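Each chain, letter by letter, is given below.
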Amino acid sequence: MTYPAFKAALAHVAPVFLDKDRTVEKACSLIREAARHGAQIIVFPETYIPAFPVWCALQAPIHNHDLFCELAANTIQVDGPELATIAEVARECGIFVSMGFNEGTHVSGGCIWNSNVLISDEGTVLNHHRKIVPTFYEKLVWAPGDGAGLVVNPTRLGQVGMLICGENTNPLARFTLLAQGEQVHLSTYPPVWPSHDPAVHENYDLKNAILIRAGAHAFEGKLFNLVAAGYLDREARDQLASRDKEAGRILDASPRGISVAIGPSGTPISEIQQEDEGLLYADVDLALCVEPKQ
(Lines give C-alpha, C1' and ligand atoms only; values in the text may rest on other atoms or scores of the structure.)
Protein backbone atom coordinates (compact mmCIF):
# COMPACT_ATOMS: atom_id res chain seq x y z
CA MET A 1 0.00 0.00 0.00
CA THR A 2 1.22 3.49 -0.83
CA TYR A 3 0.56 6.67 1.15
CA PRO A 4 0.42 9.75 -1.06
CA ALA A 5 2.00 13.02 -0.01
CA PHE A 6 1.03 16.30 -1.68
CA LYS A 7 0.55 20.04 -1.29
CA ALA A 8 -3.00 21.40 -0.91
CA ALA A 9 -4.23 24.93 -1.58
CA LEU A 10 -7.13 26.39 0.41
CA ALA A 11 -8.81 29.29 -1.38
CA HIS A 12 -9.67 31.89 1.28
CA VAL A 13 -11.08 34.15 -1.38
CA ALA A 14 -14.06 36.30 -2.39
CA PRO A 15 -16.09 35.84 -5.55
CA VAL A 16 -16.85 38.70 -7.89
CA PHE A 17 -20.10 39.34 -6.05
CA LEU A 18 -23.11 37.93 -7.91
CA ASP A 19 -21.24 37.71 -11.22
CA LYS A 20 -20.79 34.08 -12.24
CA ASP A 21 -18.71 34.75 -15.35
CA ARG A 22 -16.14 36.96 -13.65
CA THR A 23 -16.07 34.64 -10.63
CA VAL A 24 -15.28 31.70 -12.91
CA GLU A 25 -12.48 33.75 -14.47
CA LYS A 26 -11.09 34.50 -11.01
CA ALA A 27 -11.39 30.83 -10.02
CA CYS A 28 -9.46 29.71 -13.10
CA SER A 29 -6.71 32.22 -12.31
CA LEU A 30 -6.48 30.91 -8.75
CA ILE A 31 -6.35 27.29 -9.97
CA ARG A 32 -3.43 28.16 -12.22
CA GLU A 33 -1.70 30.01 -9.37
CA ALA A 34 -2.11 27.05 -7.03
CA ALA A 35 -0.73 24.67 -9.67
CA ARG A 36 2.28 26.93 -10.26
CA HIS A 37 3.03 26.68 -6.55
CA GLY A 38 2.95 22.90 -6.68
CA ALA A 39 -0.51 22.25 -5.23
CA GLN A 40 -2.20 19.02 -6.28
CA ILE A 41 -5.65 20.06 -5.04
CA ILE A 42 -7.38 23.41 -4.49
CA VAL A 43 -10.47 23.76 -2.30
CA PHE A 44 -12.86 26.68 -2.88
CA PRO A 45 -15.38 27.95 -0.29
CA GLU A 46 -19.07 27.25 0.14
CA THR A 47 -21.13 28.58 -2.82
CA TYR A 48 -18.12 30.45 -4.19
CA ILE A 49 -19.94 30.89 -7.50
CA PRO A 50 -21.32 33.57 -7.44
CA ALA A 51 -21.83 34.40 -3.71
CA PHE A 52 -22.96 33.27 -0.29
CA PRO A 53 -26.41 34.88 0.36
CA VAL A 54 -25.51 36.57 3.65
CA TRP A 55 -28.14 39.22 2.95
CA CYS A 56 -30.72 36.82 4.35
CA ALA A 57 -29.29 37.59 7.81
CA LEU A 58 -29.40 41.35 7.36
CA GLN A 59 -32.90 42.20 6.15
CA ALA A 60 -36.34 40.64 6.11
CA PRO A 61 -36.99 38.59 2.96
CA ILE A 62 -39.53 41.13 1.68
CA HIS A 63 -36.57 43.44 1.00
CA ASN A 64 -34.35 40.88 -0.74
CA HIS A 65 -36.34 39.79 -3.80
CA ASP A 66 -33.97 41.57 -6.18
CA LEU A 67 -30.93 39.84 -4.69
CA PHE A 68 -32.60 36.44 -4.91
CA CYS A 69 -33.45 37.06 -8.56
CA GLU A 70 -29.87 38.16 -9.26
CA LEU A 71 -28.52 35.07 -7.53
CA ALA A 72 -30.90 32.83 -9.48
CA ALA A 73 -29.78 34.45 -12.75
CA ASN A 74 -26.15 33.67 -11.83
CA THR A 75 -26.58 30.03 -10.83
CA ILE A 76 -24.75 27.40 -12.84
CA GLN A 77 -25.48 23.78 -13.67
CA VAL A 78 -23.30 20.72 -13.30
CA ASP A 79 -23.29 20.09 -17.04
CA GLY A 80 -23.04 23.80 -17.92
CA PRO A 81 -20.23 25.73 -19.61
CA GLU A 82 -18.92 27.32 -16.40
CA LEU A 83 -17.90 24.08 -14.71
CA ALA A 84 -16.72 22.76 -18.07
CA THR A 85 -14.29 25.68 -18.23
CA ILE A 86 -13.07 25.02 -14.70
CA ALA A 87 -12.70 21.31 -15.45
CA GLU A 88 -10.62 22.05 -18.53
CA VAL A 89 -8.28 24.28 -16.50
CA ALA A 90 -8.03 21.51 -13.88
CA ARG A 91 -7.05 19.08 -16.65
CA GLU A 92 -4.51 21.50 -18.16
CA CYS A 93 -2.90 22.10 -14.76
CA GLY A 94 -3.13 18.49 -13.54
CA ILE A 95 -4.82 19.56 -10.30
CA PHE A 96 -7.92 18.43 -8.40
CA VAL A 97 -10.54 21.14 -7.80
CA SER A 98 -13.27 21.25 -5.16
CA MET A 99 -15.76 23.95 -6.13
CA GLY A 100 -18.73 25.32 -4.20
CA PHE A 101 -21.52 26.90 -6.25
CA ASN A 102 -25.16 27.88 -6.39
CA GLU A 103 -26.72 25.21 -8.58
CA GLY A 104 -29.69 25.94 -10.81
CA THR A 105 -31.85 23.68 -12.94
CA HIS A 106 -33.38 24.05 -16.39
CA VAL A 107 -36.79 22.90 -15.08
CA SER A 108 -37.15 25.84 -12.66
CA GLY A 109 -36.11 29.48 -12.66
CA GLY A 110 -36.03 29.72 -8.88
CA CYS A 111 -34.89 26.38 -7.47
CA ILE A 112 -31.34 26.71 -6.13
CA TRP A 113 -29.16 24.19 -4.33
CA ASN A 114 -26.03 24.74 -2.28
CA SER A 115 -23.73 22.39 -4.18
CA ASN A 116 -20.14 21.23 -4.39
CA VAL A 117 -18.25 19.23 -7.00
CA LEU A 118 -14.94 17.43 -6.86
CA ILE A 119 -13.19 17.62 -10.23
CA SER A 120 -10.26 15.32 -10.98
CA ASP A 121 -6.89 16.27 -12.43
CA GLU A 122 -8.19 14.81 -15.70
CA GLY A 123 -11.13 17.22 -15.78
CA THR A 124 -13.78 14.70 -14.73
CA VAL A 125 -16.49 15.43 -12.16
CA LEU A 126 -15.94 12.72 -9.55
CA ASN A 127 -18.64 13.75 -7.10
CA HIS A 128 -21.58 16.14 -7.03
CA HIS A 129 -23.00 16.89 -3.58
CA ARG A 130 -25.96 19.05 -2.59
CA LYS A 131 -26.12 20.34 0.99
CA ILE A 132 -28.72 18.14 2.63
CA VAL A 133 -30.31 20.70 4.95
CA PRO A 134 -29.74 24.46 4.56
CA THR A 135 -28.93 26.14 7.88
CA PHE A 136 -31.09 28.82 9.57
CA TYR A 137 -31.78 31.69 7.12
CA GLU A 138 -30.22 29.73 4.24
CA LYS A 139 -33.61 28.03 3.94
CA LEU A 140 -34.88 31.25 2.35
CA VAL A 141 -32.63 30.57 -0.65
CA TRP A 142 -31.68 26.92 -1.03
CA ALA A 143 -33.74 23.80 -1.57
CA PRO A 144 -32.85 20.72 0.51
CA GLY A 145 -30.35 18.35 -1.05
CA ASP A 146 -30.00 14.59 -0.72
CA GLY A 147 -27.55 11.88 0.25
CA ALA A 148 -26.39 10.98 -3.24
CA GLY A 149 -23.15 12.91 -2.80
CA LEU A 150 -22.18 11.32 0.51
CA VAL A 151 -19.48 9.25 -1.13
CA VAL A 152 -15.73 8.93 -0.79
CA ASN A 153 -13.80 8.98 -4.06
CA PRO A 154 -10.62 6.93 -4.53
CA THR A 155 -8.00 9.19 -6.15
CA ARG A 156 -4.23 9.30 -6.50
CA LEU A 157 -4.31 11.68 -3.51
CA GLY A 158 -6.15 9.16 -1.36
CA GLN A 159 -9.78 8.61 -0.37
CA VAL A 160 -11.48 12.01 -0.64
CA GLY A 161 -14.85 13.04 0.83
CA MET A 162 -16.57 16.38 1.37
CA LEU A 163 -19.24 18.11 3.43
CA ILE A 164 -20.60 21.65 3.35
CA CYS A 165 -20.59 23.90 6.42
CA GLY A 166 -23.18 22.71 8.98
CA GLU A 167 -23.10 19.18 7.57
CA ASN A 168 -19.82 18.87 9.45
CA THR A 169 -21.95 18.88 12.61
CA ASN A 170 -24.11 16.00 11.32
CA PRO A 171 -22.83 12.77 12.95
CA LEU A 172 -24.50 10.46 10.45
CA ALA A 173 -23.22 12.35 7.41
CA ARG A 174 -19.72 12.27 8.85
CA PHE A 175 -19.99 8.58 9.76
CA THR A 176 -21.08 7.78 6.22
CA LEU A 177 -17.78 9.14 4.95
CA LEU A 178 -15.66 7.65 7.72
CA ALA A 179 -17.21 4.23 7.07
CA GLN A 180 -15.94 4.43 3.48
CA GLY A 181 -12.34 4.87 4.60
CA GLU A 182 -12.06 8.61 4.11
CA GLN A 183 -8.47 9.94 4.33
CA VAL A 184 -8.86 13.51 3.06
CA HIS A 185 -11.93 15.49 4.10
CA LEU A 186 -12.93 18.76 2.40
CA SER A 187 -14.93 21.25 4.50
CA THR A 188 -16.35 24.49 3.09
CA TYR A 189 -17.76 27.50 4.92
CA PRO A 190 -19.17 31.00 4.31
CA PRO A 191 -17.18 34.23 4.63
CA VAL A 192 -19.23 35.58 7.54
CA TRP A 193 -22.06 34.31 9.72
CA PRO A 194 -24.25 36.91 11.48
CA SER A 195 -26.42 35.08 14.01
CA HIS A 196 -27.47 38.05 16.17
CA ASP A 197 -27.28 41.82 16.19
CA PRO A 198 -23.82 42.19 17.78
CA ALA A 199 -24.96 45.33 19.60
CA VAL A 200 -27.40 43.38 21.75
CA HIS A 201 -26.23 39.75 21.77
CA GLU A 202 -22.98 37.81 21.51
CA ASN A 203 -22.56 36.28 18.06
CA TYR A 204 -21.87 32.69 17.09
CA ASP A 205 -18.11 32.11 17.22
CA LEU A 206 -17.53 30.88 13.69
CA LYS A 207 -13.77 30.44 14.06
CA ASN A 208 -14.13 28.31 17.17
CA ALA A 209 -17.00 26.32 15.69
CA ILE A 210 -14.94 25.48 12.61
CA LEU A 211 -11.93 24.44 14.67
CA ILE A 212 -14.06 22.20 16.91
CA ARG A 213 -15.80 20.49 13.99
CA ALA A 214 -12.75 20.15 11.77
CA GLY A 215 -10.57 18.93 14.61
CA ALA A 216 -13.13 16.41 15.82
CA HIS A 217 -13.64 14.88 12.38
CA ALA A 218 -9.91 14.71 11.71
CA PHE A 219 -9.23 13.17 15.12
CA GLU A 220 -12.06 10.64 14.92
CA GLY A 221 -11.19 9.57 11.38
CA LYS A 222 -7.40 9.90 11.76
CA LEU A 223 -7.48 11.92 8.55
CA PHE A 224 -6.61 15.31 7.06
CA ASN A 225 -9.32 17.98 7.04
CA LEU A 226 -8.89 20.76 4.46
CA VAL A 227 -11.09 23.72 5.40
CA ALA A 228 -11.85 26.59 3.00
CA ALA A 229 -14.02 29.52 4.07
CA GLY A 230 -15.02 32.44 1.90
CA TYR A 231 -13.76 36.01 2.21
CA LEU A 232 -15.99 39.08 2.42
CA ASP A 233 -14.34 41.76 0.31
CA ARG A 234 -15.01 45.50 0.38
CA GLU A 235 -17.12 45.43 -2.79
CA ALA A 236 -19.62 42.93 -1.39
CA ARG A 237 -19.61 44.53 2.07
CA ASP A 238 -20.34 48.00 0.71
CA GLN A 239 -23.03 46.77 -1.67
CA LEU A 240 -24.84 45.06 1.19
CA ALA A 241 -24.27 47.98 3.58
CA SER A 242 -25.82 50.41 1.11
CA ARG A 243 -29.15 48.60 1.31
CA ASP A 244 -29.79 49.13 5.02
CA LYS A 245 -28.35 51.55 7.58
CA GLU A 246 -27.67 48.71 10.06
CA ALA A 247 -26.21 46.17 7.60
CA GLY A 248 -22.68 47.55 7.51
CA ARG A 249 -22.43 47.74 11.29
CA ILE A 250 -23.68 44.16 11.66
CA LEU A 251 -21.33 42.81 9.00
CA ASP A 252 -18.31 44.60 10.45
CA ALA A 253 -18.93 43.12 13.91
CA SER A 254 -19.91 39.61 12.81
CA PRO A 255 -17.52 36.63 12.99
CA ARG A 256 -15.50 35.74 9.90
CA GLY A 257 -14.83 32.26 8.62
CA ILE A 258 -11.39 30.70 8.70
CA SER A 259 -9.41 28.50 6.35
CA VAL A 260 -7.07 25.94 7.86
CA ALA A 261 -5.66 22.45 7.37
CA ILE A 262 -6.07 19.99 10.24
CA GLY A 263 -3.94 16.87 10.66
CA PRO A 264 -4.95 13.42 11.94
CA SER A 265 -4.15 14.45 15.51
CA GLY A 266 -6.97 16.98 15.33
CA THR A 267 -4.68 20.02 15.45
CA PRO A 268 -3.82 22.57 12.72
CA ILE A 269 -0.90 21.81 10.43
CA SER A 270 -1.11 25.20 8.69
CA GLU A 271 -1.62 28.82 9.59
CA ILE A 272 -5.19 29.93 10.29
CA GLN A 273 -6.25 32.39 7.61
CA GLN A 274 -9.07 34.78 8.46
CA GLU A 275 -8.40 38.48 7.86
CA ASP A 276 -6.52 38.39 4.55
CA GLU A 277 -7.64 37.13 1.16
CA GLY A 278 -5.45 34.62 -0.65
CA LEU A 279 -4.35 31.02 -1.05
CA LEU A 280 -3.24 29.06 2.00
CA TYR A 281 -0.95 26.07 1.41
CA ALA A 282 -0.51 22.93 3.49
CA ASP A 283 1.54 19.75 3.12
CA VAL A 284 -0.41 16.51 3.44
CA ASP A 285 1.26 13.13 4.05
CA LEU A 286 -1.19 10.25 4.38
CA ALA A 287 1.49 8.10 5.99
CA LEU A 288 0.78 10.14 9.13
CA CYS A 289 -2.75 8.66 9.26
CA VAL A 290 -1.49 5.13 9.85
CA GLU A 291 0.02 5.19 13.35
CA PRO A 292 -3.05 6.80 15.03
CA LYS A 293 -5.17 3.94 13.66
CA GLN A 294 -3.50 1.63 16.19
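This report concerns the structure included in the present document. (Residues numbered from 1 in each chain as written. Predicted model: local features only at pLDDT ≥ 70, side-chain atom pairs only at ≥ 80, totals over all residues. Heavy atoms only, no water.)

## Some remarks on the side chain of Arg174
Move 1: Note that Arg174 resides in helix α4 (residues 171-178).
Move 2: Discounting residues that sit within four places of it in the chain, Arg174 has contacts with Leu163, Glu167, Asn168, His217 and Glu220. (Helix = DSSP H or I, 4+ residues; strand = E, 2+ residues; numbered from the N terminus. Contact = heavy atoms within 4.5 Å.)

## Digging into unusual backbone geometry
Move 1: Cis geometry marks the peptide bond from Ile49 to Pro50; its omega dihedral reads -10 degrees.
Move 2: Mapped onto the fold, Pro50 is located in the loop between β2 (39-43) and α2 (65-73).
Move 3: One non-glycine residue, Thr47, lies in the positive phi region at around 40 degrees.
Move 4: Residue Thr47 is classed as buried on the basis of its relative accessible area, which comes to 1%.
Move 5: The backbone of Cys165 shows a phi angle near 50 degrees, a positive value even though the residue is not glycine.
Move 6: Along the chain, Cys165 turns up in the loop between β7 (158-164) and α4.
Move 7: Looking at Cys165, the relative accessible area reads 8%, which means it is buried. (Buried < 20%, exposed > 50% of the residue type's maximum accessible area, 1.4 Å probe, protein only.)

## Side note on a nonpolar patch on the surface
Move 1: A surface patch of nonpolar side chains, amounting to about 340 Å² of accessible area, comprises Met1, Tyr3 and Val290.
Move 2: Checked against the element boundaries, Met1 lands in the segment before β1 (5-12).
Move 3: Residue Met1 is classed as exposed on the basis of its relative accessible area, which comes to 85%. (Patch = residues over 30% accessible without salt bridge, like charges linked within 9 Å, V, L, I, M, F, W, Y side chains within 5 Å. Areas by Shrake-Rupley, 256 points an atom, 1.4 Å probe, with all protein chains shown as cover. Salt bridge = Lys/Arg side-chain N within 4 Å of Asp/Glu carboxyl O.)

## Things to note about the sheet that holds β1
Move 1: Pairing is mixed in the open sheet, where six strands are placed in the order β5-β4-β3-β2-β1-β11. Bordering the open sheet on either side are β5 (125-130) and β11 (278-285), each of which pairs with just one other strand. Between one strand and the next, the sheet's axes are offset by a mean angle of 30 degrees, whatever the strand orientation.
Move 2: Alignment of strand β4 (residues 108-119) against β5, held across five bridges, turns out to be antiparallel. Looking at β5, one finds that Ser115 is bridged to Arg130. (Pairing = 2+ DSSP bridges. Axes fitted to C-alpha atoms, helices over the stretch in contact; angles between N-to-C directions.)

## Some points on the packing of helix α1 (residues 20-36) against helix α3 (residues 81-93)
Move 1: At a minimum axis distance of 10 Å, the contact between α1 and α3 shows a crossing angle of 10 degrees. Judged by the inter-axis angle, α1 sits roughly parallel to α3. Within the contact between the two elements, α1 uses Lys20, Asp21, Val24, Cys28, Ile31, Arg32 and Ala35 and α3 uses Glu82, Thr85, Ile86, Val89, Glu92 and Cys93.
Move 2: Looking at the contact of α1 with α3 residue by residue, the classes come out as seven nonpolar, one polar and five charged. (Parallel < 35°, antiparallel > 145°, perpendicular 65-115°, else oblique. Nonpolar A, V, L, I, M, F, W, Y, C, P; charged D, E, K, R; others polar.)

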